[in-house]
Amino acid sequence: MRDQVLWRKEGRIVALLTDRLGIDIERALDILYNSHTYALLINPDSGLQLQSDEYILTDLLRELEA
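Residues numbered from 1 in each chain as written. Predicted model: local features only at pLDDT ≥ 70, side-chain atom pairs only at ≥ 80, totals over all residues. Heavy atoms only, no water.

**Side note on the side chain of Asp53**
So, point 1. Summarising the element assignment, Asp53 is placed in helix α4 (residues 53-65).
So, point 2. You can call Asp53 buried: its relative accessible area is 15%.
So, point 3. Here the side chain of Asp53 touches Arg12 through a polar contact of 2.5 Å, side chain to side chain.
So, point 4. Beyond its immediate stretch of four places on either side in the chain, Asp53 contacts Lys9, Arg12, Ile13 and Leu16. (Helix = DSSP H or I, 4+ residues; strand = E, 2+ residues; numbered from the N terminus. Buried < 20%, exposed > 50% of the residue type's maximum accessible area, 1.4 Å probe, protein only. Polar contact = N/O pair within 3.5 Å; in protein donor to acceptor, adjacent residues only side chain to side chain. Contact = heavy atoms within 4.5 Å.)

**A few points about α4**
So, point 1. With 13 residues, α4 should cover 18 Å at 1.5 Å per step; its first-to-last C-alpha distance of 18 Å lies within 8% of that length.
So, point 2. Residues of α4 that are buried include every one of Asp53, Ile56, Leu57, Leu60 and Leu61, and no others. Viewed end-on, α4 has its buried residues packed into an arc of 135 degrees, placing them on one side of the element. In α4, those exposed residues whose orientation departs by more than 90 degrees from the buried face are Arg62 and Glu65. (Expected span 1.5 Å × (residues − 1). Arc of directions from axis to C-beta.)

**Digging into the pattern of salt bridges**
So, point 1. If you walk through the whole model with that rule in mind, you get five salt bridges.
So, point 2. Notably, a salt bridge pairs Asp53 with Lys9, separated by 2.9 Å at the nearest N-O pair. Here Lys9 lies in helix α1 (residues 2-21) and Asp53 lies in helix α4, a separation of 44 residues in the sequence. Both residues of the pair, Asp53 and Lys9, count as buried.
So, point 3. Salt-bridge contacts for Asp30 lead to Arg27; the nearest nitrogen and oxygen are separated by 3.1 Å. (Salt bridge = Lys/Arg side-chain N within 4 Å of Asp/Glu carboxyl O.)

As C-alpha cells, then:
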C-alpha cells in the first residue's frame with residue numbers, strides 16, 4: 001500500500017515539474033529520479049513523504065538552482 005501511495009505522489013510531483021518548467025515527462029522523471037530530493041523521498045525515515053507535493057517540488061526546484 002505504501003508503495004502505491006508513494007508512486008502516486010511521485011507522479012503528481014512529475015506533473016507539477018512538467019508544468020512549472022515546461023518540460024516533457026521523460027525529462028521531469030530524469031530530474032526527479034536523479035535528485036537528492038528523491039533519495040530523501042524514498043527514505044521513510046526522512047519524513048519527506050509526509051510533506052505536500054508543492055513542498056517537495058519547492059525542495060526539488062531549490063536543488064536544481066544550486
